[in-house]
Structures are given as structure tokens and as C-alpha cells.
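Spelled out, the chains give:
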Amino acid sequence: MKKTVRVKNVTIGEGTPKICVPMVGETVEQLVEEAKFLRTIDLDVIEWRVDFFKNVENFSKVIEALNEIQSIIPEIPLLFTFRTAKEGGERQITPEAYKALYIEVMETRMVDIIDLELFSLENDLKELIEMAHSHHIFVVLSNHDFLKTPSKKEILSRLRKAQELGGDLPKIAVMPKHPRDVLTLLEATMEMNENYADRPIITMSMAGKGMVTRIAGEVFGSALTFGAAKKTSAPGQLPVSQLREFLALMHRGL
């Protein structure tokens, strides 16, 4: 039986895929405004994409912003993510700064989940995963390819590696150039879910061609999907209200 990931009042890997919405504010003031708005919409998890935050390299400013966010959304699971430029994020930082940022944030115990990139910090990855677990923080172990869709074999290899390394939520997002690339992602998702996964996985094909993968997770085996409130953080994200309707419609048909 597959494990689920229970975060506050949300169980990922059970029933309809859960909806995660990113916060992309550049300042504390913008983040506070976003957090207040997100309280009013139907979502399951909030992701703070801290790579959008202009003071991200000032850790005291990051903690200040985190305090403000948590004061507004204390009951909603919070995913903390620095997405590097090489994987589609807003900026690049040194591996040393990347590691130090996550350690600083985990020490606060004010986040519920962290996103670590599978290939961004290979030498220290196990250490950060172990630290997260010792602080009762779940780990999304992710990989993003904004240029192409790898082969099914390669997608499976990356998801299995993320699972073997201890990621609680192995994740991959890929870019389709042709509709058959979307089928490749869905087939890999189904095979991973049926044959290898012992925990929830997260997969998606990006942009317009891949939009169907954001609503079909319950059919093929992806447990969480990303929607947009005002500004998207990746191509192909649907508005949350529409996404919830599509997920419910899909669920009723199963």
C-alpha cells in the first residue's frame, strides 16, 4: 500500500489531486497582499517561490517575510521553493547559498514542505533531506526540463532516483514539443505509479499542449497539481477556480 503525505489537514496521495498555488511577490508587502488573497480561494497548499523575492540572499529578510506569511495562513500547508534559473526559476545562486538558505529556513520550523532540486546540490542533497525529516518537514524532490520531454525511460529513472534518495514527493515537469511528448509523460507517470512508486508522485507536462496533464492526475497517478491565482509561476497553469472544477468533473467520472 502506498504511503500518503499528511500535511496539516491535507492528505496528498488520497482522492482528488491536491491544488498548490504559488506566491510570487518580490517584496514583503506584495507577499502579505498575496497571502491575504490566497486565504479567500479554494486551494490545498501554498508554495512560496522565494526566487521571486528580491531580498532572497538576505536571510533575515527571508525569515521576516516567512513570519508575515505564516501569521496570515497558519492553517494552510506551506511549500518553500527556490527554483534555480537553470530549472526555470527567476535567478541563480551559488550551491553554498542554496544550501545555507534551506538550512536557515528549516531551522525556523515555519515551513511544512521544501522543494529541493534533484540535480542542483547532489553532494549535499542527502544531508538536507535528512535534516528536513528530522525537523518533520516533507521534501518534494524535483526536476524541471523547460527545453524538452526526456524519454519515458529517463523520466522513470529521475522519479525513481528521487524516491530512492528519500524524497517524500518525487516530482518532474517537462516541456512538450509535440502531443506525443504529452503521452510520453502520462505513460511514464502511470508506469511509475503502478510499478515503482511507494509514495505520491507529482508530474506534469507544461505549456498549452501539456495542460491536460494538470487535470488528469487522478487517472494516471499524479497526486498534486499547480494552479494560478493571479500570476503563473510556470507555463500552462490554469486558474484555480477552473482547475478545481475540472478535477471534480474528472473525479466524478471515475
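Within any chain, residue numbers begin from 1 and follow the written order of that chain's sequence. For this predicted model, a pLDDT threshold of at least 70 governs which residues receive local features, and a threshold of 80 or more governs which side-chain atom pairs are given and counted, while totals over whole chains, interfaces and linings are taken from all residues. Excluding hydrogens and water, the side-chain values take into account all heavy atoms of the structure.

## Some details on the UniProt feature "binding site: 3-dehydroquinate" (unreviewed entry) in the protein
As a reminder, the rule being used: UniProt positions are given in the numbering used here, feature names are shortened, and annotations may be inferred rather than shown by experiment. Secondary structure elements follow DSSP: runs of H or I no shorter than four residues count as helices, runs of E no shorter than two count as strands, and numbering proceeds from the N terminus. Burial status follows relative accessibility: with a 1.4 Å probe on protein chains alone, a residue under 20% of its type maximum counts as buried, one over 50% as exposed, and anything between as partly exposed. The term polar contact refers here to a pair of N or O atoms within 3.5 Å; inside protein, the definition further demands a hydrogen-donor-capable atom paired with an acceptor-capable atom, and it admits residues adjacent in sequence only when both atoms are side-chain atoms.
According to UniProt, the positions carrying the feature "binding site: 3-dehydroquinate" (unreviewed entry) are E47, W48, R49, R83, R214, S233 and Q237. Relative to the elements of secondary structure, W48 occurs in strand 4 (residues 45–49). Mapped onto the elements of the fold, R83 is located in the loop between strand 5 (78–81) and helix 3 (95–108). Judged by relative accessible area, which is 3%, R83 ranks as buried. For R83, the side chain forms a polar contact with the side chain of D115, separated by 2.9 Å.

## Brief notes about the side chain of S222
Condition: Contacts are assigned to residue pairs that have any heavy atoms within 4.5 Å of one another.
Turning to its location among the elements, S222 is positioned in the loop between helix 7 (217–220) and strand 10 (224–228). For S222, the side chain forms a polar contact with the main-chain nitrogen of T203, separated by 2.9 Å. The residues contacting S222, other than those within four sequence positions of it, are P17, T189, I201, I202, T203 and G217.

## Focus on the pattern of salt bridges
This is how it is decided: We define a salt bridge as a contact between a side-chain nitrogen of Lys or Arg and a carboxyl oxygen of Asp or Glu at a distance within 4 Å.
Evaluated as defined, the whole model comprises 14 salt bridges. R83 serves as the salt-bridge partner of D115, at 2.9 Å between the closest nitrogen and oxygen. Placement of D115 in strand 6 (residues 113–117) and of R83 in the loop between strand 5 and helix 3 is noted, with a sequence separation of 32 residues between them. Judged on exposure class, the residue D115 and its partner R83 are both buried. K99 is paired through a salt bridge with D124; the nearest N and O atoms lie 3.3 Å apart. Highlighted residues: K99 in helix 3 and D124 in the loop between strand 6 and helix 4 (125–134), separated in sequence by 25 residues. In this structure D124 comes out as partly exposed when scored by relative accessible area, which is 23%. What you see here is one network of salt bridges that share partners, running through D42, D44 and R244.

## What to know about the pairing of strand 8 (residues 169–174)
Spelled out, the test is: Following DSSP output, two strands are said to pair if at least two bridges run between them. Seen with the strands pointing away from the viewer, any crossover whose path from the first strand over the helix to the second strand runs clockwise is right-handed.
When you tally the buried positions in strand 8, you get 6 out of 6 residues, the bulk of the element. The alternating pattern of strand 8 places L169, K171 and A173 on one face and P170, I172 and V174 on the opposite face, and all of these are buried. Taken together, the 6 bridges between strand 7 (residues 138–145) and strand 8 define a ladder with parallel strand orientation. Of the residues in strand 8, the one forming a bridge with S142 is K171. In terms of handedness, the path from strand 7 via helix 5 (residues 152–164) over to strand 8 forms a crossover that is right-handed. Relative to strand 9 (residues 202–205), strand 8 is paired through 4 bridges, and the arrangement is parallel. The partner of A173 across the bridge, within strand 9, is M204. Each parallel crossover has a hand, and the one from strand 8 via helix 6 (residues 179–196) to strand 9 is right-handed.

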